[in-house]
Amino acid sequence: MKPIRYACLGLIFFALGIGAASAQQAPYPDRTVKVLVPYNPGGATDIVARIVLDEMRKSLGQNFIVENKAAAYGIVAIEEVARAKPDGYMLMIGNISTNSITPVLHKNEMHINYEKEIVPISEIASISNFVLATGAFPANSLKEMIDYVKAHPGQVKYASVGVGSYPHIDMLMLMKATGMDMVHVPFAGGAGGDLMANLVNGDVQVGILNVASFGPIVRAGKLKAFAVASKMRQPDYPEVPTMTELGFPGIGSENWQGLFGPAGLPKDVIATLRKALQDALKTQHVKDVFASNSITAVTGGTQEQFIQFVRHEGERFTETIRDAHLVVE
Amino acid sequence: MLHSIAMGFGVALTPTNFLYCFIGAFLGTLVGVLPGIGPITTIAMLLPITFKLSPVASLIMLSGIYYGAHHAGSTTAIMLNMPGEPSSVVICLDGHPMARQGRAGPALCISAIGSFVAGCIGVIIIAFFAPPLAELGLKFGAPEYTAVVILALAAVSALTQRSLLTTLATAVFGILLGTVGTDVNSGVTRFDFGFPQLYENLNLVGLAVAFFAFAEIASRAGMAETRRILDKVKGLFPTRADLRDSWKAILRGTALGGAFGILPGTGPLISAYAAYTVEKRLAADPSRFGKGAIEGVAGPESANNAAALTHFIPMLTLGIPAGPAQALMIAALTIQGISPGPDMMDKHPELFWGVIASMWIGNMMLLVLNLPLIGIWIRLLRIPYRLMYPAILVFCCIGVYSVNNEVFDVALAAGFGFVGYVFSKLGCSPAPLIIGFILGPILEVNLRRALLLSGGDFSIFVTRPISLGFLLLAAAVLVFLSLPAFRRTQRLPGADLAVDEAAED
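Remember, it's a predicted structure, so these values are computed and weren't measured experimentally. (Residues numbered from 1 in each chain as written. Chains lettered and ligands numbered in written order. Predicted model: local features only at pLDDT ≥ 70, side-chain atom pairs only at ≥ 80, totals over all residues. Heavy atoms only, no water.)

The next thing to look at is the overall build of chain B. Of regular secondary structure, chain B possesses 25 helices and 2 strands. Since a compact globule built from 505 residues should have a radius of gyration of about 23 Å, the 22 Å found for chain B is in line with a globular shape. For chain B, the proportion of its 505 residues judged to be buried stands at 62%. Contacts in chain B between residues far apart in sequence, at least 24 positions, make up 79% of those at least 6 positions apart. Summed over its atoms, the accessible surface of chain B is roughly 18700 Å², and 72% of this surface lies on carbon and sulfur atoms. In chain B, the 30 positive side-chain charges and the 28 negative ones have mean positions that sit 8 Å from each other. (Helix = DSSP H or I, 4+ residues; strand = E, 2+ residues; numbered from the N terminus. Rg over C-alpha atoms; globule rule 2.2 N^0.38 Å. Buried < 20%, exposed > 50% of the residue type's maximum accessible area, 1.4 Å probe, protein only. Contact = heavy atoms within 4.5 Å. Areas by Shrake-Rupley, 256 points an atom, 1.4 Å probe, with all protein chains shown as cover. Lys, Arg positive; Asp, Glu negative; His and termini not counted. Charge placed at Lys NZ, Arg CZ, Asp CG, Glu CD.)

Printed below as a string of structure tokens:
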């Protein structure tokens, strides 16, 4: 028996030795990378993540698996990433809500120091937002809408995907800038389902909501788009002016998605990920899918620029969040 | 129209699409039978695979999983008193007592036939009436939903098996559980006990698994293993009397399910519950319900299948997902570069009609799959509980975990499993709890939203005609319930004895 036992032990050590050696030498990534997405499958961020990660899998030769952790405005996913070993095998694809608003709005509920423990790696894509109204709304431009709302204070209702969501905060900013007074009607469960039905049937009349989900309904004439919050007009909706053109620069968000990781990631890992990500955004497949869904790929830029951008986004919301007393103490 | 349907069959009958239809129906049956693992989890897991398929094939497969699961969800409800899907919760009420009386075969058979009939009629409804029905569904705003839920809650006493007070108390407990999570209107979280996992609502799959599967297994564990169900098997096929009793229930269930399915957010479970209530109200002798009335299986089972199909209408005609499964299918199409919207019928007719044709084919497949399986399901009961229950526990845990990828949810389900065990020892049926848990939040959200819309004016509920209609119906139900004639039938002497007898098996 004894020789066999020694042989087994030897084999185990041999295997361990190989494992240890390859861990030191093989370039990143040498095994499956887990990427948390703080939403249930099927949402915009999930779709962007899956398409881009599939291309990264092809170029880096390792699986990038999506794990959906939707709970608590992204807090659960953020904390899990913050606590992970900073070796590049646990990352997160977050967006404007989970990685800019949540750290401001839910600061007191997080068990980590977000600023110090999460590092933005690269922006991926962004989806613009329309200022929308239901098909039967008695206005045909943003100016007419503002005039109508001002003539009927407290009567028009606007939809959002929840208290403290960016469609809510964006509208609060627009209301403050224009002196409009409207009733907030929040919906749970994202932009689909209930919210769409209530906006189309006119129970709720206006909202600032994303082009990807609401574009097809605008095109079918059931909703009207008065303006779009993006730097340039949308290629699919060239007749819709931007907020800047209409005199409201800085009001209205773009729902951006980005790659995040735990603080302390090695420089070469970040470089590898950024390169693979940029390459993925340039593939024809990603271009096609993004184009057909009004998603804009964000290429170029540096990590430092993205870090500044994320911080600036958070600051942009802070004042409105404070004025509206949205922070839960 | 006929030309479009022919084109649809042309698309659905190509070998690839036919194969994916079969895969969908088969997988749906599989996850439908397994308690805990449901169609939404399965569709989410298979989403990456659909990248490689054509849009039509992926939608055909995913929809097959969805309606296939609803088709098969009643199997374990009948055999083991554990609903395979939450939508089969009410099937337990009469389906399992039938199995205890040795009539599992007829119960499974009727539910397969009911599902098939409902499926076929559902497909016809989608093919011919989808656009006008979708427009009708849009007329349902917050006040209308409020009125519908009030009607549904007014009828909750139909789930009573022994004591009305117990039924109401369990329903209220379910409503209270429904309040856990973020309050939509204020953003404040309720009853989260500091756990971020409780910011969202408790998950339905976890609760259904806890109160049915975990509780059933726990209470069985304390009993000597008996095989009396098998000794009593009285044939696999329904008798002529069974068919006579059920065909009307099947049609009524189909109509109700077809109607409820159109409304986003309600869907199969509520349809099944509504059908059960209606069957019990219409029955000549309502006291048979809860003790193995075949209409109590036929009605709800047809309803949940009809609803599972008409639930596709808002998605196919408007691009509005009626439930989480449809939201996933919209995502699958989005990834393929098709954005479902009101123009889908015109822009992608092959997709629209191909999927509808595949639904009919899928329903045929499900019938062919399910009828021969009945014998096998019954033989499966020969597996000793000590081997079968651990396997079921494993599947339940996988199912609960995979809804949110949270171990926390599994622990929570285990905790509620203990509560469920106490419930079963006290003789409380958990069905009203599940109904309350679903209806409570819909009522709260829509009541408060309706009042937001009206600026706090309650007259919104009576000035909108659809809402007024449902409220009047609810009032009628309450009056009907308090009539002395009805109360007498509820307390027939001997009725309680029969229940106790069934419970001892």
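Before going further, it helps to examine the nonpolar core. Residues and elements named next belong to chain B. Ranked by size, the top nonpolar core spans 87 residues in total, and within it Leu-159 and Tyr-273 carry the most contacts. With 9 residues, the top contributor of residues to this core is helix 10 (residues 204–221). Each residue touching Tyr-273, except ones within four places of it in the same chain, is listed here: Val-90, Ala-152, Leu-153, Ala-155, Val-156, Leu-159, Ile-435 and Leu-439. Core analysis: the second largest hydrophobic core is formed by 82 residues, Ala-12, Leu-59, Ala-130 and Trp-353 among them. (Core = buried A, V, L, I, M, F, W, Y, C linked by side-chain atoms within 4.5 Å.)

The next thing to look at is helix 23 (residues 465–482) of chain B. All names here are of chain B. Here helix 23 contains 18 residues, and its C-alpha end-to-end distance of 26 Å stays within 8% of the 26 Å for a straight helix at 1.5 Å per residue. Among all positions in helix 23, only Ser-467, Ala-474, Val-477 and Leu-481 are buried. Angularly, the buried residues of helix 23 cover 80 degrees about the axis, an arc narrow enough to put them on a single face. Set apart from the buried face of helix 23 by more than 90 degrees, the exposed residues are Pro-465, Leu-472 and Val-479. (Expected span 1.5 Å × (residues − 1). Arc of directions from axis to C-beta.)

What follows concerns the packing of aromatic side chains. Enumeration over the complete set of coordinates arrives at 23 aromatic pairs over all chains. Arranged with centres 6.4 Å apart and planes meeting at 35 degrees, the rings of Trp-256 of chain A and Phe-260 of chain A form a pair that is tilted. Considering the side-chain rings of Phe-140 of chain B and Tyr-145 of chain B, the 6.2 Å spacing of their centres and the 75 degrees angle between planes classify their relative orientation as edge-to-face. Using a relative accessible area of 11% as the deciding quantity, one classes Phe-140 of chain B as buried. Residue classification places Tyr-145 of chain B among the buried residues on the basis of a relative accessible area of 6%. Three or more aromatic residues link up through ring pairs in this structure, and these residues are Trp-256, Phe-260, Phe-306 and Phe-309 of chain A. Note that Arg-31 of chain A overlies the ring of Tyr-89 of chain A, its terminal NZ or CZ placed 3.8 Å from the centroid. (Phe/Tyr/Trp six-rings, centres within 6.5 Å; stacked < 30°, edge-to-face > 60°. Lys NZ or Arg CZ within 6 Å of the ring centre and 35° of its normal.)

Let's shift gears to the packing of helix 9 (residues 164–177) of chain B against helix 21 (residues 431–454) of chain B. Residue and element names in this part refer to chain B. Closest axis-to-axis distance for the helix 9/helix 21 pair is 7 Å, and the angle between their directions is 40 degrees. It follows from the interaxial angle that helix 9 and helix 21 lie oblique. Pair helix 9 / helix 21 crosses with right-handed handedness. Between helix 9, through Thr-167, Thr-170, Ala-171, Phe-173, Gly-174, Ile-175 and Leu-177, and helix 21, the contact on the second element is made entirely by Pro-432, Leu-433, Gly-436, Phe-437 and Gly-440. For the contact of helix 9 with helix 21, the residue count by class is 7 nonpolar, 5 polar and no charged. (Axes fitted to C-alpha atoms, helices over the stretch in contact; angles between N-to-C directions. Parallel < 35°, antiparallel > 145°, perpendicular 65-115°, else oblique. Left-handed = near helix turned anticlockwise from the far one by under 90°. Nonpolar A, V, L, I, M, F, W, Y, C, P; charged D, E, K, R; others polar.)

What follows is about the side chain of Lys-157 of chain A. Within the secondary structure layout, Lys-157 of chain A lies in strand 6 (residues 157–160). One buried charged residue, Lys-157 of chain A, forms no salt bridge at all, with the nearest opposite charge on Asp-203 of chain A at 8.3 Å. There is a polar contact of 3.2 Å between the side chain of Lys-157 of chain A and the backbone oxygen of Gln-155 of chain A. Separated by 2.7 Å, the side chain of Lys-157 of chain A and the backbone oxygen of Leu-453 of chain B make a polar contact. Excluding residues that lie within four positions of it along the chain, Lys-157 of chain A makes contacts with Val-183, Val-185, Asp-203, Val-204, Gln-205 and Val-206 of chain A together with Leu-452 and Leu-453 of chain B. (Salt bridge = Lys/Arg side-chain N within 4 Å of Asp/Glu carboxyl O. Polar contact = N/O pair within 3.5 Å; in protein donor to acceptor, adjacent residues only side chain to side chain.)

For the rest of this paragraph, the subject is helix 7 (residues 104–138) of chain B. The terminal C-alpha atoms of helix 7 of chain B, which comprises 35 residues, lie only 41 Å apart, well short of the 51 Å expected from a rise of 1.5 Å per residue. Bending of helix 7 of chain B peaks at approximately 85 degrees at the position of Phe-129 of chain B, with proline Pro-131 of chain B no more than four residues after it. (Bend = angle between axes of the 7 residues up to and from the residue.)

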